[in-house]
Amino acid sequence: MSRGARTAPAVRASVAARDEHGLTRFTALAIARVDLAMASKLAVDYSLYLVTGRDLLPSGKDYLESLEESLQGGVTLVQIREKNTDTGEFLEIAKQSRAICHKYNVPILINDRVDIALAMGADGVHIGQTDMPISIARSLLPPNAIIGMTCNTAEHVRQAVKDGADYVGIGPVWATQTKKVAHPVVGVRGLGEMLEVLDGTDIKAVAIAGIKSTNALHCLHGGVSRTGHPLDGLAVVSDIVASTEPRLASHRLATVIRAFKARPLHRFSLSESSGYTRESLLKSVGSILAAIKQNSPLVHQITNNVVTTQSANATLALGASPIMATSPEEMEDLGKIPGALLINFGTIQNLDGMLAAGRHANSKKKPIVFDPVGVGATKYRRESANTLLNTWQATVIKGNAGELAALGNSSEVQAKGVDSVGQGFADPAAFVRNLACKERCIIVLTGVTDWVSDGTTVVKLSNGHPLLGDITGSGCMVGTSVATFCAGASLTAAATRSSDQEDGVLARGDMLAAAVGGVLAITIASEIAAARPDVKGSGTFLPAFIDELGQLTEEKIMNAANIQIE
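Quick notes on the rules
Residues numbered from 1 in each chain as written. Predicted model: local features only at pLDDT ≥ 70, side-chain atom pairs only at ≥ 80, totals over all residues. Heavy atoms only, no water. UniProt positions renumbered as here; feature names shortened; annotations may be inferred. Core = buried A, V, L, I, M, F, W, Y, C linked by side-chain atoms within 4.5 Å. Buried < 20%, exposed > 50% of the residue type's maximum accessible area, 1.4 Å probe, protein only. Helix = DSSP H or I, 4+ residues; strand = E, 2+ residues; numbered from the N terminus. Contact = heavy atoms within 4.5 Å. Expected span 1.5 Å × (residues − 1).

The protein carries the name TMP-TENI-domain-containing protein in an unreviewed UniProt entry, which gives Obba rivulosa as its organism. Checking UniProt for the protein, the heading Cofactor (unreviewed entry) contains the comment "Mg(2+)". Under the Function (unreviewed entry) heading, UniProt states for the protein: "Condenses 4-methyl-5-(beta-hydroxyethyl)thiazole monophosphate (THZ-P) and 2-methyl-4-amino-5-hydroxymethyl pyrimidine pyrophosphate (HMP-PP) to form thiamine monophosphate (TMP)."

Moving on to the nonpolar core. Nonpolar side chains in soluble globular proteins tend to be buried together. Counting 165 residues, the largest nonpolar core has Ile170, Leu234, Phe370, Phe545 and Leu549 as the members making the most contacts within it. When residues of this core are assigned to their parent elements, the largest contribution, 14 residues, is made by helix H20 (residues 511–530). Setting aside its immediate chain neighbours within four residues, phenylalanine 545 contacts Leu468, Met477, Ile522, Ala525, Ser526 and Ala529. In terms of nonpolar packing, the next biggest core, distinct from the first, is built from twelve residues, Val51, Leu109, Ile208 and Ala235 among them.

Attention now moves to the environment of arginine 381. Secondary-structure assignment places arginine 381 in helix H16 (residues 379–391). The exposure class assigned to arginine 381 is buried, which follows from its relative accessible area of 17%. Arginine 381 sits 33 residues away from isoleucine 348 along the chain, and the two C-alpha atoms are 8.2 Å apart.

This paragraph deals with helix H19 (residues 474–495). The terminal C-alpha atoms of H19 lie 32 Å apart, and with 22 residues this matches the ideal 32 Å at 1.5 Å per residue to within 8%. Within H19, 18 of the 22 residues are buried, leaving the element largely enclosed by the surrounding structure.

Here it is as structure tokens:
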């Protein structure tokens, strides 16, 4: 301690002595402010941020007991929120909460009420867009106080940075019953834009609203910005507070968060940093094809009724087992079966089934291939695609130029129904790379030339025969083939795992290789089939194509693949 420095108790003693002699009078709030000012700002772990709500407690569950069990389960930061409580009761609850939190060395914040924070010695406050401005709160609080701000737009985040917030709570990610929100739900897909504003700053960010153990990993993975800026934590209310076992509820969430943070950021490929070679990529494709033929994985397909038969036949030809179930009531059971899920909404007939299927696939770490057929054609399709992608995390998104342009809000390529109009993207490699970063998954852009990217590596594929364009559903069969190869990659990865511990990923296996393999299977089989003497046109091409799809080997793919890695 430097010469002349004094401890907080010494300052309090000095204040009391001066007060006794009538020289000055400090209020209790001022003394509390002195206590806080003497301490240095805490290093805060925002990983699992509990926001309390006593009205959510299960019947018979004591608030303080629940709070302590939550801390024992892994909560790292606590905010006390008492919107409908008298000041005196709020102060008493806050004091008791502080004692428990500090017992576990966990910081405690107060929602909105700076006076309560000062009076009970909180570590800081959290304020909303309609609460006290950060500048005023900062002038009242000691310099070491933590101040967080709720932000619902990128502009809110920019203002919070300018005003000097220590962290921001961004969302709402999902609809919630625990707090009335004045702003529309931004969804997981909307978090990245706000996080990008924080690039180059030391301001932290937590996602808010509707977060629970079943969607936490999706939120963490999907919330990363295009620039690679991740969330620092998740703010949780009812999943912990409303639980009869808050220690277990907290532990589930903390385990997911720790596992995600322990891994390098990824987009479902294995070698984003070290890169791929033609040989290594095609060797992986061959190994996946062998795994499909050996294990016959289940490929669950919710697809349009125009192509159901062709898609099922293509799945069988590759060596997998198709099931075309659409009822929401079946999805939990189907989600438990190893394999992959394809969601193709060429004819959107059961959106609830698609939502349920994706949720259960994510929970069981099954890869999901999303084929947004005709997504740019109608407002309903665009809104449905957004709802699906905010409900579950896609592993691969496959589409033509018009579909992916609509999904990426690009005006460079237009769509007419399910078809693209115009010349395509001026720089397709840059487009797929950027969309992969935005959607946090593998992107497959189909066309005369196919492009596949994980956001780092871009693979250009130049196989295929024009007869593919003369049969119905060839594009949809590419989605089926990609899903089949994803199932094979998933089973291959599962065979090498030594434990069932949470590993912070939503799908295991090299899905870039799987996507490349799925495209090559269709395009190479089409070339071989078209060269057969018995093929006279589209009518004879389709059965020959299915035959050749079933006779594909690693050697055939290796010899025929026209592949370039960028």
